[in-house]
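# Secondary and tertiary structure notes
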Amino acid sequence: MADLTGKLVLVVGPSGSGKGSIIRELRKKHPDWVYPVSHTTRPIRPGEEDGLVYRFISKEEFEKRITEGRFLEYAIVHGEHYYGTDKGRIMDGLEAGNVVVREVDIQGFNSIVEGIPGENLISVFVEVKSLEDLKERIRGRAEMSDEELERRMESARDEIAQADKCDFRIVNEAGQLEASVDKVEGMIGG
Ligand code: 5GP
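Below is a short write-up of the structure. (Residues numbered from 1 in each chain as written. Predicted model: local features only at pLDDT ≥ 70, side-chain atom pairs only at ≥ 80, totals over all residues. Heavy atoms only, no water.)

## Structural notes on the packing of aromatic side chains
What counts here: Here a pair means two rings of Phe, Tyr or Trp (six-membered ring of Trp) with centres within 6.5 Å. Their orientation is stacked below 30 degrees between planes, edge-to-face above 60, and tilted elsewhere. The secondary structure listing takes helices from DSSP runs of H or I that are at least 4 residues long and strands from runs of E that are at least 2 residues long, numbered from the N terminus. Only protein chains enter the accessibility calculation, which uses a 1.4 Å probe; a residue whose area is less than 20% of its type maximum is buried, one above 50% is exposed, and one in between is partly exposed.
Counting across every chain of the model gives seven aromatic pairs. On the basis of an interplanar angle of 65 degrees and a centroid distance of 5.7 Å, the ring pair of Tyr54 and Tyr83 is categorised as edge-to-face. Placement of the pair is Tyr54 in strand β3 (residues 54-56) and Tyr83 in strand β5 (residues 81-86), with a sequence separation of 29 residues. Grouping residues by exposure puts Tyr54 and Tyr83 together as buried. Judged by centre distance (6.2 Å) and plane angle (65 degrees), the ring pair of Tyr74 and Tyr82 falls under edge-to-face. Residue classification places Tyr74 among the partly exposed positions, given a relative accessible area of 39%. Put simply, the rings of Phe62, Phe71, Tyr74 and Tyr82 touch in pairs and so form one group of aromatic residues.

## A few points about the site of the ligand
Operational definition: Any residue with a non-hydrogen atom lying within 4 Å of a molecule or strand is treated as near it. For this analysis, a polar contact is any N or O atom pair within 3.5 Å, provided that within protein one partner can donate a hydrogen and the other can accept it, and provided that sequence-adjacent residues contribute only side-chain to side-chain pairs. The method behind every accessible area is Shrake-Rupley, applied with a 1.4 Å probe, and residues are considered shielded solely by the protein chains displayed. Side-chain classes are defined by residue name, with Ala, Val, Leu, Ile, Met, Phe, Trp, Tyr, Cys and Pro counting as nonpolar, Asp, Glu, Lys and Arg as charged, and the others, Gly among them, as polar.
Lining the immediate surroundings of the ligand are 20 residues, of which Ser38, Arg42, Tyr54, Tyr83 and Glu103 lie closest. Separating an oxygen atom of the ligand from a side-chain N or O atom of Arg45 is a distance of 3.0 Å. At a separation of 2.6 Å, an oxygen atom of the ligand approaches a polar side-chain atom of Tyr54. For the ligand, the protein covers 97% of the area, taking 510 Å² as the surface of the free molecule. Residues of the shell around the ligand, tallied by class, amount to five nonpolar, six polar and nine charged.

## Concerning helix α6 (residues 146-161)
Each α-helix winds once per 3.6 residues, and so residues spaced three or four apart point in a common direction. Short version of the rule: A helix's residues, less one, multiplied by 1.5 Å, set its expected span. In this description, the arc belongs to the directions extending from the helix axis to the C-beta atoms. In this analysis, two residues are considered to be in contact whenever any of their non-hydrogen atoms come within 4.5 Å of each other.
Here α6 spans 23 Å end to end across 16 residues, near enough to the 22 Å set by a 1.5 Å rise per residue. All of the buried residues in α6 are Leu149, Arg152, Met153, Ser155, Ala156 and Glu159. The arc that holds every buried residue of α6, seen down its axis, measures 160 degrees, which confines them to one face. Away from its buried face, by an angle of more than 90 degrees, α6 presents the exposed residues Asp146, Glu147 and Ala161. Looking at the buried positions of α6, the neighbouring elements they touch are β1 (7-12), α4 (106-115), β7 (121-127) and α5 (131-141).

## Section: the sheet that holds β5
For clarity, the cut-off: The pairing criterion for strands is at least two bridges between them, as found by DSSP. The axes are straight lines fitted to the C-alpha atoms, using for helices just the contacting stretch, and the angles between their N-to-C directions are given from 0 to 180°.
On the basis of which strands lie adjacent, the open sheet formed by four strands has the order β3-β2-β5-β4 and mixed pairing. Each edge of the open sheet carries a strand with a single partner, namely β3 and β4 (71-77). Mean inter-strand twist for the sheet, computed between neighbouring axes without regard to direction, equals 20 degrees. Pairing geometry for β4 and β5, over six bridges, is antiparallel.

## A few points about the pairing of strand β6 (residues 99-103)
The element β6 is extensively covered by neighbouring structure, given that five of its five residues are classed as buried. Burial along β6 is two-sided: the face carrying Val99, Val101 and Glu103 and the face carrying Val100 and Arg102 are both buried. Direction of pairing for β1 relative to β6: parallel, over a ladder of five bridges. Across the sheet, the residue bridging to Leu10 is Arg102, located in β6.

## Remarks on the nonpolar core
Counted only if it meets this: In these notes, a set of buried Ala, Val, Leu, Ile, Met, Phe, Trp, Tyr and Cys residues joined through side-chain atoms within 4.5 Å is what counts as a nonpolar core.
Counting 18 residues, the largest nonpolar core has Leu8, Leu10, Val12, Leu94, Phe109, Ile112 and Ile116 as the members making the most contacts within it. Contributions of two or more residues to this core are made by β1, α3 (87-95), α4 and β7. For Leu10, the contacting residues outside a window of four places in its chain are Arg102, Val104, Phe109, Ile112, Leu121, Ile122, Ser123 and Val124. Val9, Ile23, Val124 and Ile188 belong to the second-largest nonpolar core, a separate cluster that totals 17 residues.

## Regarding the packing of helix α1 (residues 19-29) against helix α7 (residues 177-188)
Packed helices, taken two at a time, are described by their axes: the angle between them and the distance between them. To keep things clear, this is the line we draw: Here roughly perpendicular refers to angles of 65 to 115 degrees, roughly parallel to angles under 35, roughly antiparallel to angles over 145, and oblique to all remaining angles. Two helices crossing with the near one rotated counterclockwise from the far one by less than a right angle form a left-handed crossing, whereas a clockwise rotation gives a right-handed crossing.
At a minimum axis distance of 10 Å, the contact between α1 and α7 shows a crossing angle of 70 degrees. Between α1 and α7, the angle is such that the two are roughly perpendicular. For the crossing formed where α1 meets α7, the hand is right-handed. Along its contact with α1, which presents Ser21, Ile22, Glu25, Leu26 and Lys29, the element α7 presents Leu177, Ser180, Val181, Asp182, Val184 and Glu185. Partitioning the contact of α1 with α7 into residue classes produces five nonpolar, two polar and four charged.

Next comes the structure, spelled out in C-alpha cells:
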C-alpha cells in the first residue's frame with residue numbers, strides 16, 4: 001500500500017439518524033474534502049440525484065464490480081440491497097492527503113477497520129434520542145411497508161449495539177443539525 005497521509009472519516013449509525021444531512025452540510029462548508037460516491041442496487045428515491053451520494057446500478061453490474069475487485073468493502077444492508085464503497089476514489093484521496101468523508105453501515109465499518117490503518121481513520125457514530133424517534137424519522141423520509149420498517153429497526157438495534165467500536169458518538173437531536181455538524185468538524189479537526 002502506498003503511503004497514506006489523508007484521513008477517512010466514516011459516518012456510521014442507523015438509517016434515519018441524519019448521517020446524510022450532516023454530510024450534506026460538511027460538503028457545503030468544506031468543498032475541498034472528498035465525498036466519494038458509493039454504489040447501490042436499491043432504487044433511487046424522489047429527490048435523489050444519481051451520481052451524487054450513490055450510483056444506482058443493477059445487481060448484475062454490482063456483482064461484476066465485486067469480481068473486478070472495485071470495492072473497498074461492500075455489504076447487503078437491511079438484508080435487502082447491495083451497497084459498496086469505491087476503492088479507487090477513497091484510496092486516491094487518502095494517498096493525496098485529503099479528508100475523505102463517507103457514510104457506511106456497521107458492516108462496512110467493520111470491514112474498513114480491517115484494511116485501513118488506524119491513524120488514517122476517524123469514525124463517528126450518529127444516534128438519535130430513542131428508537132421511537134428513529135421510527136418516526138424513517139417513516140417520514142420515505143414510504144415503506146411495515147415489514148421494511150421493521151427490517152430497518154432490526155438493523156438499527158444491531159448498529160447501536162456496536163456503537164462503542166467507533167471513536168466518537170453524537171446524538172443528533174431534531175432541529176440541532178448545526179450543532180451536530182460543529183461536533184463532527186471538531187472531531188475531524190477541520
Ligand atoms: P439508505 O438506503 O438509507 O441511503 O442507506 C442505508 C444504509 O446503507 C445506511 O446505513 C447507509 O449508511 C449504508 N450505506 C451507504 N453507503 C454504503 C456503503 O458504501 N457501504 C456500506 N456498507 N453501507 C453503506
